[in-house]
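Residue-level structural notes
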Amino acid sequence: MPGELPPGQRPAPHEPFGLPQFGGVRALSGPGHRVSVGGTARHPAQFGIEELLGAGERRTQSSDLHCVTTWSAVGLEWEGVRFADVYRLLAELVVPHPGARWVRFTGLDGYSSTMLLDDALAADVLLADRLSGAELTDRFGAPLRLVAPAHYGYKNVKQVCAIDFLRSYDPGQARIISHPRGRVDLEERGRLLPGWFWRRVWPGQVERVRALFRADLSAPR
Ligand SMILES: Nc1nc2c(c(=O)[nH]1)N[C@H]1C(S)=C(S)[C@@H](COP(=O)(O)O)O[C@H]1N2
Ligand SMILES: [Mo]
């Protein structure tokens, strides 16, 4: 059925959101933004946005963003390049260790999240630079953002400035409130407690966190 959402999710407007501690961090992207690629790899290196996005065909994708706190923004129009295409370039130039099964994305605000490499190579995982036909704003992840619609929002790192190949899972700042894989269909909301538990806890926090990110938007830069 079109418009059907994964278990425990309800539709909501798309607003800047994230971990509460990043609500007050105003990271500004600028020209000459570089992405450091390394971790357990033979040739760690830095890349410009054009270099990374030049690795594949540009595509547009309409997909939903499912935050673990149970809101979903539906039908977002992203534009970018498949991470799988970028990975092919990186495999050649950076040469990740064959045992590096995980990939960590870090944002300019210091937020990071780690995906199973196989999950990140799925056909619907993009590195996006545009949303709704326009350049991304800083708040929505400029200059480059990970779009992984089958995984909770916490895997969709905004303002990507580092990509690291790892031999083991790094829980990052979301710790046990995130899940190593975070698949929305399986309701992998958190690492320790079942999805239905978080489904009840999280909605009570949404307005408070939204307010943190809204306040930041109106603050002088
Ligand atoms: N850099 C960065 N990326 C981030 C976060 C963050 O705090 N910092 N929060 C994540 C979470 S929890 C969600 S739900 C989405 C929210 O995306 P939006 O701002 O487009 O709504 O961003 C994700 N990516
Ligand atoms: Mo989230």
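Source: prediction; values computed, not measured.

Examining the side chain of R145
Tracing the sequence through the fold places R145 in strand β10 (residues 145-147). Separated by 2.9 Å, the side chain of R145 and the backbone oxygen of F140 make a polar contact. R145 has contacts with L65, W78, L126, L127, A128, L136, F140, N156, V157, K158 and V160, leaving out every residue within four places of it along the chain.

Looking at the nonpolar core
Here is a general trend for soluble globular proteins: nonpolar side chains tend to be buried in one another's company. In terms of nonpolar packing, the biggest core is built from 54 residues, with F83, V103, I163 and F165 touching the most fellow members. For this core, the leading source of residues is strand β5 (residues 71-82), giving five residues. Sequence-distant contacts of F165, that is, excluding residues within four places in its chain, are made with V37, G38, G39, T40, Y87, L90, P96, A100, W102, V103 and L117.

Some remarks on the environment of Y154
As for its position among the elements, Y154 is in the loop between β10 and β11 (160-166). Using a relative accessible area of 9% as the deciding quantity, one classes Y154 as buried. Remark: the alpha-carbon pair of Y154 and S168, spanning 14 residues in sequence, is separated by 18 Å. Discounting chain neighbours no more than four positions away, the residues touching Y154 are V68, Y111, S113, I177, S178, H179, G182, E188 and R189. Reaching out from Y154, the side chain makes a polar contact with the backbone oxygen of E188 at a distance of 3.1 Å.

Some thoughts on the pairing of β5
Inspection of the sheet shows strand β1 (residues 10-11) paired to β5 by two bridges, in the parallel sense. Paired with R10 across the bridge in β5 is W71. The pairing of strand β4 (residues 59-66) with β5 spans seven bridges and is classified as antiparallel. Pairing of H66 across the sheet is with S72, part of β5. Here β4 hands over to β5 after four residues, with T70 in that stretch at a positive phi of 95°. Note that β5 and strand β8 (residues 126-131) share five bridges and pair antiparallel. Following the sheet pairing, G80 is matched in β8 by A128.

Digging into the UniProt feature "domain: Oxidoreductase molybdopterin-binding" (unreviewed entry) in the protein
Within this numbering scheme, the UniProt entry marks residues 32-170 as carrying the feature "domain: Oxidoreductase molybdopterin-binding" (unreviewed entry). As annotated, residues 32-170 has a helix share of 14% and a strand share of 42%, and its two end C-alpha atoms lie 28 Å apart.

Here we look at the site of ligand 1
Neighbouring ligand 1 are 19 residues, the closest being H14, E15, D109, R145 and K158. Taking N156, its main chain carries an N or O atom lying 2.9 Å from a nitrogen atom of ligand 1. Measuring from an oxygen atom of ligand 1, one finds a side-chain N or O atom of K158 at 2.5 Å. For ligand 1, the protein covers 98% of the area, taking 530 Å² as the surface of the free molecule.

A closer look at a nonpolar patch on the surface
Together, I176, L192, L193, W196, F197 and V201 line one region of the surface with nonpolar side chains, adding up to about 570 Å² of accessible area. Tracing the backbone shows L193 in the loop between β11 and α4 (195-201). In this structure L193 comes out as partly exposed when scored by relative accessible area, which is 40%.

Quick notes on unusual backbone geometry
In the segment running from A142 into P143, the intervening peptide bond is cis, with an omega of 0°. For P143, the location among the structural elements is in the loop between β9 (134-135) and β10. A positive phi is found at R175, a non-glycine position, where the angle reads about 45°. Within the secondary structure layout, R175 lies in the loop between β11 and α4. Since its relative accessible area comes to 58%, R175 is described here as exposed.

Structural notes on the sheet that holds strand β2 (residues 34-39)
The strand order across the open sheet formed by five strands is β3-β2-β11-β6-β7, and the pairing between neighbours is mixed. Where the open sheet ends on each side, the last strands, each with one partner, are β3 (45-48) and β7 (112-116). Direction aside, neighbouring strands of the sheet carry axes that sit 20° apart on average. The pairing of strand β6 (residues 102-107) with β7 spans five bridges and is classified as antiparallel.

Parameters at a glance
Residues numbered from 1 in each chain as written. Chains lettered and ligands numbered in written order. Predicted model: local features only at pLDDT ≥ 70, side-chain atom pairs only at ≥ 80, totals over all residues. Heavy atoms only, no water. Helix = DSSP H or I, 4+ residues; strand = E, 2+ residues; numbered from the N terminus. Polar contact = N/O pair within 3.5 Å; in protein donor to acceptor, adjacent residues only side chain to side chain. Contact = heavy atoms within 4.5 Å. Core = buried A, V, L, I, M, F, W, Y, C linked by side-chain atoms within 4.5 Å. Buried < 20%, exposed > 50% of the residue type's maximum accessible area, 1.4 Å probe, protein only. Pairing = 2+ DSSP bridges. UniProt positions renumbered as here; feature names shortened; annotations may be inferred. Near = heavy atom within 4 Å. Areas by Shrake-Rupley, 256 points an atom, 1.4 Å probe, with all protein chains shown as cover. Patch = residues over 30% accessible without salt bridge, like charges linked within 9 Å, V, L, I, M, F, W, Y side chains within 5 Å. Salt bridge = Lys/Arg side-chain N within 4 Å of Asp/Glu carboxyl O. Axes fitted to C-alpha atoms, helices over the stretch in contact; angles between N-to-C directions.

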